[in-house]
Amino acid sequence: MPELPEVETIARALRGQVVGQAVRAAQVRWPRAVATPAPDEFVAALVGRRITAVGRRAKFLVLTLAPQGYLLIHLRMTGRLLYEAAGADPRPLDGHTHVSLYFQGGGALHYHDQRKFGRLYLVGDPDEVLRGLGLEPLEASPEQFAALLRARRRQIKPLLLDQHVLAGLGNIYTDESLWRAGVHPLRRADTLAAADVSRLYEAIRAVLTEAIANKGTTLRDYRAPNGETGENQWSLAVYGRAGEPCPRCGQAVQRVVVGSRGTHLCPQCQSL
Ligand code: ZN
């Protein structure tokens with residue numbers, strides 16, 4: 001599932017591809033891909049609007065439209081955005097291409113989603129969808145981060161995954177951050193010492209920043225809008241590496257289940 005670094009990579013790539021483009025036509029082939037408004041209204045409202053910015057909030061892509069409105073996209077499990085440049089051979093559309101935007105200057109942006117969990121939202125105010133999301137991990141201050149953990153009796157991993165607390169982390173980067181900080185995923189947040197909290201804050205920032213520099217992690221489905229895979233899968237320390245030696249101490253990485261999520265950790269570096 002794309003997490004913050006993958007969505008950020010897509011946003012950066014799309015910025016160079018679609019900013020300034022005006023929508024000539026749009027097509028919705030699987031109506032439920034559009035969460036709001038109704039699909040025919042979605043198509044009618046998009047035609048003639050120009051994309052003026054591409055941003056990201058948590059795991060949402062946020063496309064700013066002129067003269068008004070925002071197109072928000074959440075890719076969930078297997079959603080992909082595929083950009084087709086003007087003059088390029090049209091992509092063969094398979095049965096998983098659920099929405100397409102065609103631009104006035106030629107070219108297109110296709111929303112492709114094999115498992116169909118992703119959604120598009122066309123709204124007047126992004127807060128209609130984004131309201132309630134927690135802090136951005138790369139924008140929170142150390143004090144804000146510490147305040148999120150303080151007095152919370154929940155286990156640290158489910159807490160970090162909770163998008164209402166901290167927004168953008170998923171299973172991969174949570175496991176990598178906890179390993180880097182030497183914090184066991186089952187530790188209760190309110191039992192972490194100040195030094196643990198500060199190491200975790202730095203670890204999350206470093207893990208996310210490195211993953212963005214590596215253009216995201218492709219384990220299976222994630223692709224950039226040009227179809228390329230990310231490179232960060234080669235840098236993962238514990239995620240998906242059960243039985244392999246911990247890069248820090250050599251102990252075998254363990255896989256356990258925490259709150260129904262497969263979780264990877266080093267029993268030596270992350271003691272409970
Ligand atoms: Zn270790």
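The sections below set out a description of the structure shown in this document. (Residues numbered from 1 in each chain as written. Predicted model: local features only at pLDDT ≥ 70, side-chain atom pairs only at ≥ 80, totals over all residues. Heavy atoms only, no water.)

Concerning the coordination of the zinc ion
Protein coordination at the zinc ion comes from C246 (SG), C249 (SG), C266 (SG) and C269 (SG), with a distance range of 2.2 to 2.4 Å. One way to put it: the four donor atoms around the zinc ion meet at angles of 97 to 114°, and that makes the site tetrahedral. Each donor residue of the zinc ion lies on the same chain, and together they follow the pattern C-x2-C-x16-C-x2-C. We classify C249 as partly exposed; its relative accessible area is 33%. (Donors = N, O, S within 2.8 Å, 3.2 Å for Na, K, Ca; no water. Tetrahedral: all angles 85-135°; square planar, octahedral: opposite > 155°, others 65-115°. Buried < 20%, exposed > 50% of the residue type's maximum accessible area, 1.4 Å probe, protein only.)

Concerning the pattern of salt bridges
Evaluated as defined, the whole model comprises 12 salt bridges. Across the salt bridge formed by R154 and D162, the nearest N and O atoms sit 2.9 Å from each other. Residue R154 is classed as partly exposed on the basis of its relative accessible area of 36%. For D162, a relative accessible area of 18% translates into the label buried. The closest approach of N and O atoms between R187 and D196, which form a salt bridge, is 3.5 Å. (Salt bridge = Lys/Arg side-chain N within 4 Å of Asp/Glu carboxyl O.)

Things to note about the nonpolar core
In this structure, I73 and L81 are the most contacted members of the largest nonpolar core, which totals 31 residues. For this core, the element with the most residues is helix α1 (residues 4–18), which contributes five residues. Among residues more than four places away in sequence, those in contact with L81 are I10, L14, L61, I73, L75, L109, H110, Y111, A224 and P225. Grouped together as the second largest cluster of nonpolar side chains are 28 residues, L149, L166, V197 and I212 included. (Core = buried A, V, L, I, M, F, W, Y, C linked by side-chain atoms within 4.5 Å. Helix = DSSP H or I, 4+ residues; strand = E, 2+ residues; numbered from the N terminus. Contact = heavy atoms within 4.5 Å.)

Regarding α1
Compared with the 21 Å implied by 1.5 Å per residue over 15 residues, the 20 Å span of α1 between its first and last C-alpha is a close match. Extensive coverage of α1 is indicated by the burial of 11 of its 15 residues. Every buried residue of α1 is listed here: L4, P5, E6, V7, E8, T9, I10, A11, L14, Q17 and V18. In the stretch just after α1, G20 is the one whose phi turns positive, near 95°. (Expected span 1.5 Å × (residues − 1).)

A look at the environment of P2
Tracing the chain through its elements places P2 in the segment before α1. As a C-alpha pair, P2 and V207 span 205 residues in sequence and 15 Å in three-dimensional space. Ignoring sequence-local partners within four residues, the contact set of P2 consists of V7, K59, L75, R76 and M77.

Here's the deal with the sheet that holds strand β2 (residues 34–36)
Strand order in the open sheet formed by five strands is β2-β9-β5-β4-β3, and the pairing between neighbours is mixed. Edge positions in the sheet fall to β2 and β3 (50–57), since each of these pairs with one other strand and no more. In this sheet, neighbouring strand axes are inclined to one another by 25° on average, regardless of whether the strands run parallel or antiparallel. Direction of pairing for strand β4 (residues 60–66) relative to strand β5 (residues 70–74): antiparallel, over a ladder of five bridges. Its bridge partner being in β5, L63 is matched across the sheet by L71. Of the strands in this sheet, β3 and β4 are in contact with α1, which crosses β3 at around 165°. Strand contacts of helix α2 (residues 39–46): β2, β4, β5 and β9 (119–123), with the helix running at about 60° to β9, the strand carrying the most contacts. (Pairing = 2+ DSSP bridges. Axes fitted to C-alpha atoms, helices over the stretch in contact; angles between N-to-C directions.)

Things to note about the environment of K157
Relative to the assigned elements, K157 resides in helix α5 (residues 156–161). Judged by relative accessible area, K157 falls into the buried class, the value being 1%. Counting along the chain gives 106 residues from K157 to T263, while the straight-line C-alpha distance between them is 9.0 Å. With near-sequence residues (within four places) excluded, K157 lies in contact with N171, T174, D175, L178, P185, V258, R261, G262 and T263. Of note is the side chain of K157, whose polar atom sits 2.7 Å from the side chain of D175. (Polar contact = N/O pair within 3.5 Å; in protein donor to acceptor, adjacent residues only side chain to side chain.)

Here we look at the pairing of strand β6 (residues 79–84)
Side chains on a regular strand alternate between the two faces of the sheet. Buried residues dominate β6, accounting for six of its six residues. Residue alternation in β6 divides its side chains into two sets, G79, L81 and Y83 and R80, L82 and E84, and both sets are buried. With six bridges connecting them, β6 and strand β8 (residues 108–113) associate as antiparallel partners. By the bridge assignment, G79 is partnered in β8 with D113.

Structural notes on the packing of aromatic side chains
Summed over the entire model, instances satisfying the criterion amount to two aromatic pairs. Here F145 and Y201 contribute two aromatic rings whose centre-to-centre distance is 5.7 Å and whose plane-to-plane angle is 50°, an arrangement assigned as tilted. On the criterion of sequence distance, the pair formed by F145 in helix α4 (residues 142–149) and Y201 in helix α7 (residues 194–213) is long-range, its members being 56 residues apart. Residue F145 shares its accessibility class with Y201, and that shared class is buried. (Phe/Tyr/Trp six-rings, centres within 6.5 Å; stacked < 30°, edge-to-face > 60°.)

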